[in-house]
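Structural description and commentary
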Amino acid sequence: MCTPECIIAMLGCPALNEAVKAVAKARKYVRQYRMHVDNLRTELRHLEDARVIIERRVREARDRGEEIENAVTHWQADAGQMENDVQELIGQVEARMHCFACSCPNIMWRYRLAKQAEEKIRDVQRLVEYNRHFEEISYPKPPPPELEFPSAENYVHLDSRTPIFEQIVVALKDPNVKTIGVHGLGGVGKTTLVEKVAKKLLDDRTFKQIPLVAVSKVLNVKEIQKKLADKLNLKLEATADENAIAIQLWNKFKNNEQYLVILDDIWEVVDLKAIGIPITDGQRGCKVVLTSRNKDLLEIRMKTDTNFPIAELEEGEAWDLFKKQVGNSMESQPGVESLAREVCQKCKGLPIAIKALGGALEGKPSYMWDNALVKLKRYMLTNIEGISSSVWATLWVSYDMLESTDSKSCFLLCCLFAEDIEISIDDLTRHCVARSLLSQNPRTLQEARDAIRTVVYILKSTSLLSNGSNENVVRIHDVIRDVGISIAREEQAFLVDHGALQWPWNLVNEPLAISLNSGKIRMLPDGLVYPQLHTLILDNNELSDLEVPDKFFSGMKQLTVLILIRIRMRRLPSSLAKLSNLRMLCLNQCELADIAILRDLKTNLEVLSLRGSKIEALPLEMAQLTSLRVLDLRDCDDLKLIPQGIVSNLTNLEELYFAKRFDKWEASIDEEKDMSRSRNVSIEEIRLLLNTGQLTTLHIHIPSVTLLPKEDLTLENLKGFWISMGTNFKWDEDFAGTRVLKYGESSLRKEFIPLVDKAEALYLSGIKGLKKVLNYRGVGNEFLDLKYLKVESCEDDLEYLLGEPKSSVQSHGLYPFKHLTDLIVEKCKLKYLLSPTTARGLVHLEHLRVVSCESMEEIVGFEGQTDGNELRLSKLKRLDLQRLPNLTSFYAEKEKTQTPMESSSARAQPLFTEKVILPVLEELKVEALNSIEEIWDKQSPSVNQETESFGQLRNIEVKWCKKLMNLVPSNILPRLRNLQFLKVEDCPNVEFIVFKNNKREEEAADDSTLIIPQLRDLQIWKMEKLKRFYSSSTTSNAQSLFNHQVYEDY
């Protein structure tokens, strides 16, 4: 057949050849336009699938508190826009096809359609392909400064320290200074000062991260590396050696960002390169601060660029600090002031001594002051390396003045723990119960824990202990610990050696307690005879095959507390079974196999902890340990089998801790006792244990409601719990409280209601009947202990989440949720989040996050309620509002009565009206609020008109707000004096970042300079209509983004 193409080919004309090819391609578009549209639908489905997966990963990352990579955020925006464009194109196709169903085909329309579809297919495929590169979509946020540098939060201003503080800050900003030394006596305040410096430099973004690691007397390179990696959120391989970790750290510090590393309390030369710390050009890379008691070590051996001595306080300043510690008690006792001045002089200007002794003497009669002076003079004769005699004496006297033996015992017990760690209240409680140290002889562990909290309170008030990261842990200063170890050595024959190279031989006195921490000891001696030893703690630093001879414990008949950490023991030594007085056994972070001989400890063993150990199955013989009061299996992630009969037989248990990941529950107790296989523990056994009334603490994960027994669990007696029902705890959900419930089933079973009422942290997911769960149910159910609340995926159509409390509650002065600090709500059908009264009762709220609640109109509101009063959230620091398409205001101004003519022209309200007062807000995130036109009210008074709202705002992030017209009105700008970070992305109608409100203001302030004094980081992305940063009537559209009125002060 002779086709036109053949004819042209035979003629051999290239131009005609190309033309024919184009015609053929066009004809193909026209004939196959349906196929192109179908292919586009297929590719769109692939894009939608990819977007759903990315959204799930992003949601999980945000749940972990991580930051999302910018590339991922931009991809999400591009994918969303692409989906809209494709859907619009397909919609046009369907509409046209419907209209042309009975008409002649429109050839030009088919051609354009097929060509557009082909182009969109390529665009969609590129997006899908790019998505495959997202191996990591997020990165961890650095810890908040209040947790990273706890001493800085309690910093006491001292005039003499201010110049040194400022000089160190200036030096660390100097590009020519790479290493800094801070030296002074132990207890003079070096750590507190450098923590305050670190917080300042983090706040002003001089450094990206500032890890602080305590080095202490025993230099352990790998331990320092691990601590640095942890602070930097750097994941290490479990098998990585020192060199491999050093390479990882080195590369981290050389990633073109600026870091400051603080190595606190060094006692010998530290090889920075061996750790993985590069000293670079001072612009990018790493700077280092070293603190030490030894000036020569810093200046001569470490060769620091500049050094700062921290001297003792002058007499006047020391006296002022001492008076703060003692309080007003001196005023009521004539003659005490002269004694107090003499006592203060003995402290030699050292803050640690002043605080400890001042706290010990607060409120004491004059004869006790006299007695303190006598003892101070006596103890001044003692010397400890690195600690002045005055510090030693004052701390000794502070200890000696403790009025109860409970306080003294608890203090000395804290000295057995490793240096610079947080000591848990639970660990102190277990030790004291096992050794019967508490004078009141508490009947239960809960009573003992309350007694320990009372003792810890006393020790904190005398400054012998200090606060940890939360209320369930404490810390002890290294100087105070050193003095405590010296006291314990003299008074109670304690042997503490954290850095031992070998087992301590040739002891002059027989020890009563031994605490060894070392990775150097490879074999323990055989046949030791310590007949009075009551406590033995061996921490091996790293998991290894430390050989424990069979007869090692044979000569320790009185051993009461035994703690072995990080030791491989496939079989326990036989002499362990002979410890008939053993009441507390901890085999933590060990590698274990056969532990059946524990059955021989059944008479007295009350506390058994296998926390963090590698063990796959518990032996059935453990059922014989009927005296157990505590069984701790937390973090035993390899544990797969707990044979039936063990748990139900331990009828004296008061505290039972399962691993979070343990989910191998049998559906019910095996009454037929099939011996062909080992059956696992069931929830029915837990029910039987709860029915005894003894169990007061339970940590457990129940994967499904189907595993629950027919009869209800008796949970109302629990004082402590970490319980997840249906959905498990995520790795980052590590709330510091002792009463935590996560419930992920659709219906809340009635036996869990008592836990809801007394939880400190509450996670609710997918629950029906949410209104009955959270809204006030009567006196005694006001959620007064609740600090953390997260609610997600609850489909009930509710007017509010936390509504108006009953008048009877307010009359008692009880506001529900009054101690709530964190409130997170995601994917719930709500019109309002809070009622005004409930919102005003949230006096401790620090973090509010509301995400993907499509029906929400206001954060605070109440249907039909008129409320003209201001709303003050006086502690709210972080506010995160995302994907709330119908949100019109945070707390709307109620419209005044309007005439029919006025009602149609009511202006849209801003996100924040002047009634919303947020005096300490630091972070504001606004994302995809598509009904918001303004964030702040243009009519609000500026800062000089006695308003304090937004004055502490440091970070602002605004994304994807389609109707937003402009960002910051100029009347609000003076309040943003602390703003450091500003990000604006994909707000298509924004013309100015900062804008003047009206013509009169423009005419009055055309020549004024716009100053944002603290702004360090400005990011502007995909702003289609943005004209300039700052609107001004005197500048033309042809000018650049930043006009002459924008002033950068950095």
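Positions within a chain are numbered from 1, following the residues in the order the chain's sequence is written. Residue-level local features of this predicted model are given only where pLDDT is at least 70; pairs of side-chain atoms are given and counted only at 80 or more, and the full residue set underlies all totals for whole chains, interfaces and linings. Where side-chain values are given, they derive from all heavy atoms of the structure, hydrogens and water being excluded.

Quick word on the sheet that holds strand β10 (residues 473–475)
The condition that has to hold: A pair of strands is labelled paired if DSSP reports no fewer than 2 bridges between them. Segments assigned H or I by DSSP are reported as helices when at least four residues long, segments assigned E as strands when at least two residues long, and all are numbered from the N terminus.
One open sheet holds the three strands; their spatial order is β8-β10-β9, and the pairing between them is antiparallel. With partners counted over all chains shown, the strands left at the sheet margins are β8 (423–424) and β9 (466–467), one partner each. Relative to β10, β9 runs antiparallel, the two sharing two bridges. Bridge pairing in β10 links Asn467 to Val474.

Points about the state of the cysteines
One way to say it: the disulfide is the covalent bond shared by the sulfur atoms of two cysteines. Heads up, the rule is: The disulfide definition used here is simple: a pair of cysteine sulfur atoms within 2.5 Å.
Throughout the structure, instances matching the rule amount to zero disulfides. In this model Cys432 remains outside any disulfide bridge; the closest cysteine sulfur is found in Cys410, 5.3 Å from its own. Cysteine Cys794 is unpaired, with the sulfur of Cys828 as its nearest cysteine sulfur at 4.6 Å.

Some thoughts on the sheet that holds strand β41 (residues 1028–1030)
Adjacent strands of a sheet form backbone hydrogen bonds with each other and so pair up, either parallel or antiparallel. Taken in spatial order, the three strands line up as β36-β38-β41 in an open sheet, and their pairing is parallel. In this open sheet, the two edge strands, each paired with only one partner strand, are β36 (968–969) and β41. Both β36 and strand β38 (residues 992–995) contribute to a ladder of two bridges, which runs parallel. Looking across to β38, one finds that Val968 is bridged to Val994.

Quick look at the pairing of strand β32 (residues 878–882)
Just so we agree on the cut-off: For every residue, the accessible area (1.4 Å probe, protein chains only) is compared with the maximum for its type, and the residue is labelled buried under 20%, exposed over 50%, or partly exposed between those bounds.
The element β32 is largely enclosed, with a buried count of four among its five residues. In terms of strand pairing, strand β29 (residues 847–851) meets β32 through five bridges, oriented parallel. Following the sheet pairing, Val850 is matched in β32 by Leu881. Judged from the five bridges that link them, β32 and strand β34 (residues 923–927) form a sheet pairing that is parallel. Paired with Leu881 across the bridge in β34 is Val926.

Some remarks on the pattern of salt bridges
Between side chains of opposite charge, pairing is possible as soon as their charged atoms come close. For clarity, the cut-off: Basic side-chain nitrogens of Lys or Arg form a salt bridge, by our definition, when they fall within 4 Å of a carboxyl oxygen of Asp or Glu.
Tallying each qualifying case throughout the model produces 50 salt bridges. We note a salt bridge from Glu655 to Arg449, for which the minimum N-O separation is 2.5 Å. In this pair, Glu655 sits in strand β19 (residues 655–657) while Arg449 sits in helix α21 (residues 445–461), placing the two residues 206 residues apart along the sequence. Both residues of the pair, Glu655 and Arg449, count as buried. Each of the salt bridges in this network shares a partner with another, and the network as a whole consists of Lys199, Asp203, Glu922 and Arg954.

Comments concerning the packing of aromatic side chains
Spelled out, the test is: Two rings belonging to Phe, Tyr or Trp (six-membered ring only in the last case) form a pair when the distance between their centres is within 6.5 Å. Interplanar angles under 30 degrees mark stacking, angles over 60 mark edge-to-face geometry, and anything in between is tilted. Charge-over-ring contacts are defined here by two conditions on Lys NZ or Arg CZ: a distance within 6 Å of the ring centre and an angle within 35 degrees of the ring normal.
Scanning all chains against the criterion turns up 20 aromatic pairs. A ring pair is formed by Trp396 and Tyr399, whose centres lie 5.8 Å apart and whose planes are at 80 degrees; its orientation type is edge-to-face. Taken as a pair, Trp396 and Tyr399 lie in helix α18 (residues 389–400) at a separation of three residues, close to a single helical turn. Residue Trp396 is classed as buried on the basis of its relative accessible area of 6%. Judged by relative accessible area, Tyr399 falls into the buried class, the value being 1%. Relative to Phe729, the ring of Trp722 lies with its centre 4.9 Å away and its plane at 55 degrees, an arrangement referred to as tilted. The class of Trp722 is buried, set by a relative accessible area of 8%. The ring of Tyr763 is capped by Lys742, whose NZ or CZ atom sits 5.6 Å from the centre of that ring.

So, helix α8 (residues 162–173)
To keep things clear, this is the line we draw: Helix span, expected: 1.5 Å multiplied by one less than the number of residues in the helix. Working note: the arc is built from the helix axis to C-beta atom directions.
Between its first and last C-alpha atoms α8 spans 17 Å; for twelve residues at 1.5 Å apiece the expected length is 16 Å, and the two agree. Turning to α8, its buried residues are Ile164, Phe165, Ile168, Val169, Ala171 and Leu172. An end-on view of α8 places all buried positions within 165 degrees of arc, on one side of the element.

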